[in-house]
Amino acid sequence: MKNRLSRRFNDPSIASSDITPEQVWVNRRTLLASGLGMAAAGLTGGAARTHAKELTGLDYRVAPEGPPVGEALTPFADVTQYNNFYEFGTDKSDPAQYAHEMTTDPWTVSVGGLVNKPGKLHLEDILSGFDLEERIYRFRCVEAWSMVVPWIGFPLAKLLQRFEPTSDARFVRFRTLYRPSEMRGTRSFTAVIDWPYQEGLRIDEAMHPLTLMTVGLYGKTLPNQSGAPLRLIVPWKYGFKSIKSIVAIDLLDEQPETSWQRLAPHEYGFYSNVNPEVDHPRWSQRFERRLPSSLFKPNRIPTQLFNGYAEQVAKLYAGMDLRRYY
Ligand SMILES: Nc1nc2c(c(=O)[nH]1)N[C@H]1C(S)=C(S)[C@@H](COP(=O)(O)O)O[C@H]1N2
Ligand SMILES: [Mo]
């Protein structure tokens, strides 16, 4: 089977529609959340979900909670037109302009290292093998902008368990596709990053239920600029840990080097947990600009420890000096 999902994103019947993805999202969510709405529309939950699948190409379960309390969702246009994906250039507008040059079909992910069952999975197998769910997460970039996004994915732990990590596995390393013919940012003479883009997590961070293998947002498959067809979302860490367009995952007994650490070790640490108390050497991390943000309406809000997820993840770092392990 071909990767029908990535094609669905460009489905003209969606593009020509004059409803925005945010409206689709809010309407469908309201419909699913309220029994009254479903009764009024003459739909069962199942029928509503099938309809959502036809509309978006993805079938997923909607998490019962709404957005983080009092925080609006960041509009689809801001989420998908203001990006970091250096493989396509360093300007925030480069990924939206050039990431379509990347082929995402066919797509395989290899999992190896300290696992009992190393192997390769096709994207189709990954998508059919796991129940997808929608999770609304805050996302905080190290450059001090942030957003709230309805991501669609499944816990990374479920994928890793399928390959049976051995008891020696203490870290996980992730690598992005490196294909210069389709990634103009990697062909530049002023090399920014030592490609392929590489990131890592400690095994308990990788196994944490908040850590999401992500395939969609706003009810659609990921657009290429957002890291299609498969990217990580680690909501309590700075955005660069959330590696895009993943092709390889390896379980290791030693802490892997990361692309940003290699580039500037005193600016970017391995942990990179969101922390308003620990400044970046060149700027403060106390505040963030919540997108959409402009000169006249900067939308400046205070940054929270672990990006607001302390209750869920602080225990992973009990006893650790967070200034030293930044
Ligand atoms: N492969 C790859 N993954 C990447 C990056 C990148 O340049 N290449 N940038 C990171 C950074 S710095 C951020 S803030 C987020 C941005 O995700 P977004 O564009 O979906 O907001 O992606 C992260 N993942
Ligand atoms: Mo970032």
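Cut-off values and rules
Residues numbered from 1 in each chain as written. Chains lettered and ligands numbered in written order. Predicted model: local features only at pLDDT ≥ 70, side-chain atom pairs only at ≥ 80, totals over all residues. Heavy atoms only, no water. Salt bridge = Lys/Arg side-chain N within 4 Å of Asp/Glu carboxyl O. Helix = DSSP H or I, 4+ residues; strand = E, 2+ residues; numbered from the N terminus. Buried < 20%, exposed > 50% of the residue type's maximum accessible area, 1.4 Å probe, protein only. Phe/Tyr/Trp six-rings, centres within 6.5 Å; stacked < 30°, edge-to-face > 60°. Lys NZ or Arg CZ within 6 Å of the ring centre and 35° of its normal. Near = heavy atom within 4 Å. Polar contact = N/O pair within 3.5 Å; in protein donor to acceptor, adjacent residues only side chain to side chain. Areas by Shrake-Rupley, 256 points an atom, 1.4 Å probe, with all protein chains shown as cover. Nonpolar A, V, L, I, M, F, W, Y, C, P; charged D, E, K, R; others polar. pLDDT = per-residue confidence, 0-100. Contact = heavy atoms within 4.5 Å. Pairing = 2+ DSSP bridges.

Caption draft 1: Spotlight on the pattern of salt bridges. Under the criterion given, the structure shown has 18 salt bridges. Taking the shortest distance from any N to any O, the salt bridge between arginine 282 and glutamate 267 comes out at 2.7 Å. Of the two residues, arginine 282 is situated in the loop between helix H11 (259-263) and strand S12 (287-290) and glutamate 267 in the loop between H11 and S12; the sequence distance between them amounts to 15 residues. On the basis of relative accessible area, arginine 282 is assigned to the exposed category, the value being 56%. Glutamate 267 sits in the buried class, given a relative accessible area of 15%.

Caption draft 2: Layout of the packing of aromatic side chains. Throughout the structure, instances matching the rule amount to 16 aromatic pairs. Seen in terms of ring centroids, tyrosine 86 and tryptophan 260 are 5.3 Å apart; in terms of plane orientation they differ by 80°. Their pairing is edge-to-face. Residue tyrosine 86 is located in the loop between helix H6 (76-81) and helix H7 (94-98), and its partner tryptophan 260 is located in helix H11; the two are separated by 174 residues in the primary sequence. By relative accessible area, tyrosine 86 is classed as buried at 17%. Each ring, one from phenylalanine 270 and one from tyrosine 271, has its centre 5.4 Å from the other, and the planes form 90°; the classification is edge-to-face. Through a chain of ring-to-ring contacts, the aromatic side chains of Phe171, Phe270, Tyr271, Phe306, Tyr317 and Tyr325 assemble into a single cluster. In this structure, arginine 184 is placed above the aromatic ring of tyrosine 98, and the distance from its NZ or CZ to the ring centre is 3.9 Å. The ring of phenylalanine 270 carries the charged tip of lysine 241 above its face, separated from the ring centre by 4.4 Å.

Caption draft 3: Inspection of the site of ligand 1 at higher detail. Of all residues adjacent to ligand 1, which total 17 residues, the nearest are Asn83, Tyr86, Glu87, Thr176 and Lys244. One nitrogen or oxygen atom from the side chain of arginine 231 is found 3.0 Å from an oxygen atom belonging to ligand 1. Within the side chain of lysine 244, a nitrogen or oxygen atom sits 2.7 Å from an oxygen atom of ligand 1. Within the complex, 99% of the 530 Å² of free accessible area of ligand 1 lies under protein. The residue makeup of the shell around ligand 1, split by class, is nine nonpolar, five polar and three charged.

Caption draft 4: Spotlight on unusual backbone geometry. Cis geometry marks the peptide bond from aspartate 105 to proline 106, where omega comes out at 5°. Tracing the chain through its elements places proline 106 in the loop between H7 and strand S2 (108-113). Cis rather than trans, the peptide bond between alanine 228 and proline 229 has omega equal to -5°. Note on placement: proline 229 falls in the loop between strand S9 (220-221) and strand S10 (231-233). Phi at glutamate 164 is positive, roughly 55°, even though this residue is not glycine. Of note, glutamate 164 is situated in the loop between helix H9 (156-162) and strand S6 (171-176). One non-glycine residue with positive phi stands out, namely tyrosine 218, at about 50°.

Caption draft 5: Examining the confidence of the model for the chain more closely. A residue-level look at the chain finds 81% of positions with pLDDT of 70 or above and a mean pLDDT of 87. Per-residue pLDDT stays below 50 along residues 1-17; that stretch engages in 29 contacts with residues further than four places along the chain or on separate chains. Low pLDDT (under 50) marks residues 35-52, which in the prediction has 18 contacts with non-local residues, meaning those over four places away or in another chain.

Caption draft 6: Geometry of the pairing of strand S3 (residues 119-122). Both S2 and S3 contribute to a ladder of four bridges, which runs antiparallel. Counterpart to valine 109 in the pairing with S3 is leucine 121. The turn linking S2 back onto S3 is made up of five residues.

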